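# What the coordinates show
The chain contents come next:
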Amino acid sequence: RRANMILNLYIYNKSGFCIYYEEWNRKKPSSNLEEEQKLMFGMLFSLRAFVTKTSPKPIDPQTGFHYYKTSSYKLHFYETPTSVKFVVLTDPHTPDLREELKKLYSNIFVEYVVKNPLYRADQPVKCELFIQALAKFIRFLPSFSS
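Residues numbered from 1 in each chain as written. Predicted model: local features only at pLDDT ≥ 70, side-chain atom pairs only at ≥ 80, totals over all residues. Heavy atoms only, no water.

### Comments concerning the layout of surface pockets
- In this model, the largest pocket occupies a volume close to 520 Å³.
- Going through the elements one at a time, strand S1 (6-12) and helix H1 (33-54) are the ones with two or more residues in the lining of the largest pocket.
- Sort the elements by how many residues they give to the lining of the largest pocket and H1 lands first, with four residues.
- Among the residues forming the lining of the largest pocket, the class breakdown is ten nonpolar, six polar and five charged.
- The space that makes up the second largest pocket amounts to roughly 190 Å³.
- For the lining of the second largest pocket, the element with the most residues is helix H2 (residues 98-114), which contributes three residues.
- Tallied by class, the residues present in the lining of the second largest pocket amount to seven nonpolar, four polar and two charged. (1 Å grid on protein atoms, 1.4 Å probe; cavity = no way out; pocket = protein on both sides within 12 Å on 5 of 7 lines; lining within 4 Å. Points joined across faces, edges and corners; volume = space filled by probe spheres on them. Helix = DSSP H or I, 4+ residues; strand = E, 2+ residues; numbered from the N terminus. Nonpolar A, V, L, I, M, F, W, Y, C, P; charged D, E, K, R; others polar.)

### Some points on the pairing of strand S5 (residues 85-90)
- Burial within S5 is extensive, with six of its six residues counted as buried.
- The alternating pattern of S5 places Lys 85, Val 87 and Leu 89 and Phe 86, Val 88 and Thr 90 on opposite faces, both of which are buried.
- Where S1 lies against S5, six bridges are found, and the strand directions are antiparallel. Note on S5: the bridge partner recorded for Asn 8 is Leu 89.
- Both strand S4 (residues 74-79) and S5 contribute to a ladder of six bridges, which runs antiparallel. Bridge assignment links Leu 75 to a residue of S5, and that residue is Leu 89. (Buried < 20%, exposed > 50% of the residue type's maximum accessible area, 1.4 Å probe, protein only. Pairing = 2+ DSSP bridges.)

### A word on unusual backbone geometry
- If you check the backbone angles, Ser 83 has positive phi at about 70° while not being a glycine.
- One can find Ser 83 in the loop between S4 and S5.

### Side note on empty space enclosed by the protein
- Across all of its chains, the model carries two cavities of 30 Å³ or more by this definition.
- Computed from the structure, the largest cavity encloses a volume of approximately 40 Å³.
- Lining the largest cavity are Ile 6, Val 88, Leu 97, Glu 100, Leu 101, Leu 104, Phe 137, Ile 138 and Leu 141.
- Elements represented by at least two residues in the lining of the largest cavity include exactly H2 and helix H3 (128-139).
- It is H2 that contributes the most residues to the lining of the largest cavity, three residues altogether.
- Looking at the lining of the largest cavity, its residues break down into eight nonpolar, no polar and one charged.

### Things to note about the pattern of salt bridges
- Under the counting rule described, the total for this entry stands at six salt bridges.
- Between Glu 99 and Lys 102 there is a salt bridge; the shortest N-O distance is 3.4 Å. Of this pair, Glu 99 and Lys 102 are both found in helix H2, three residues apart, which corresponds to roughly one turn of the helix.
- The partly exposed category is assigned to Glu 99, whose relative accessible area is 45%.
- By relative accessible area, Lys 102 is classed as partly exposed at 29%.
- A salt bridge links Glu 111 to Lys 115; the nearest nitrogen and oxygen atoms lie 2.9 Å apart. (Salt bridge = Lys/Arg side-chain N within 4 Å of Asp/Glu carboxyl O.)

### Concerning the sheet that holds S1
- Read from one edge to the other, the open sheet built from five strands follows the order S2-S1-S5-S4-S3, with strand pairing classed as antiparallel. Strand pairing shows two members of the sheet lacking a second neighbour, strand S2 (18-23) and strand S3 (67-69), which therefore form its edges. Each strand axis lies, on average, 10° off the axis of its neighbour in the sheet, ignoring direction.
- Bridge count between S3 and S4: three bridges; the pairing is antiparallel. Note that in S4 the partner of Tyr 68 across the bridge is Leu 75.
- In the packing of H1 onto the sheet, the strands contacted are S1, S2, S3, S4 and S5, and the crossing angle to S1 comes to about 75°.
- Along the sheet face, H2 touches S1, S2, S4 and S5 and points at about 45° away from the line of S4. (Axes fitted to C-alpha atoms, helices over the stretch in contact; angles between N-to-C directions. Contact = heavy atoms within 4.5 Å.)

So far we have only geometry, and geometry alone does not tell us how the molecule works.
Below, the structure written as structure tokens:
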């Protein structure tokens, strides 16, 4: 069995535009990253709608769907109250990262992006302090291995 590892991270704004992407342990590079980002968002949109419609009880959109797993990866998902979406792909054996994604949002994204007066919500995140804080946060997670 392989070690738990974080492969990559996508952050989408409320309009579905990928405002940040980073990869760490990804083995197969994307041939078209922009297309992959659009496909990922479309799949998440459809999957959330499917989960909501097929659930026997009402689902809170903030807590209902937070990961799915295949034999080769696990997708972790967290949507903030402001509809910013965090998506992390990991090794399939990685434990649920929902709490870590909440901390990433509240302790790093809010501090370095939302509170940054130069940042506009419809633009890619290029803030160096955010990128440094994110790298440190991810590398210290037990699920990260290089």
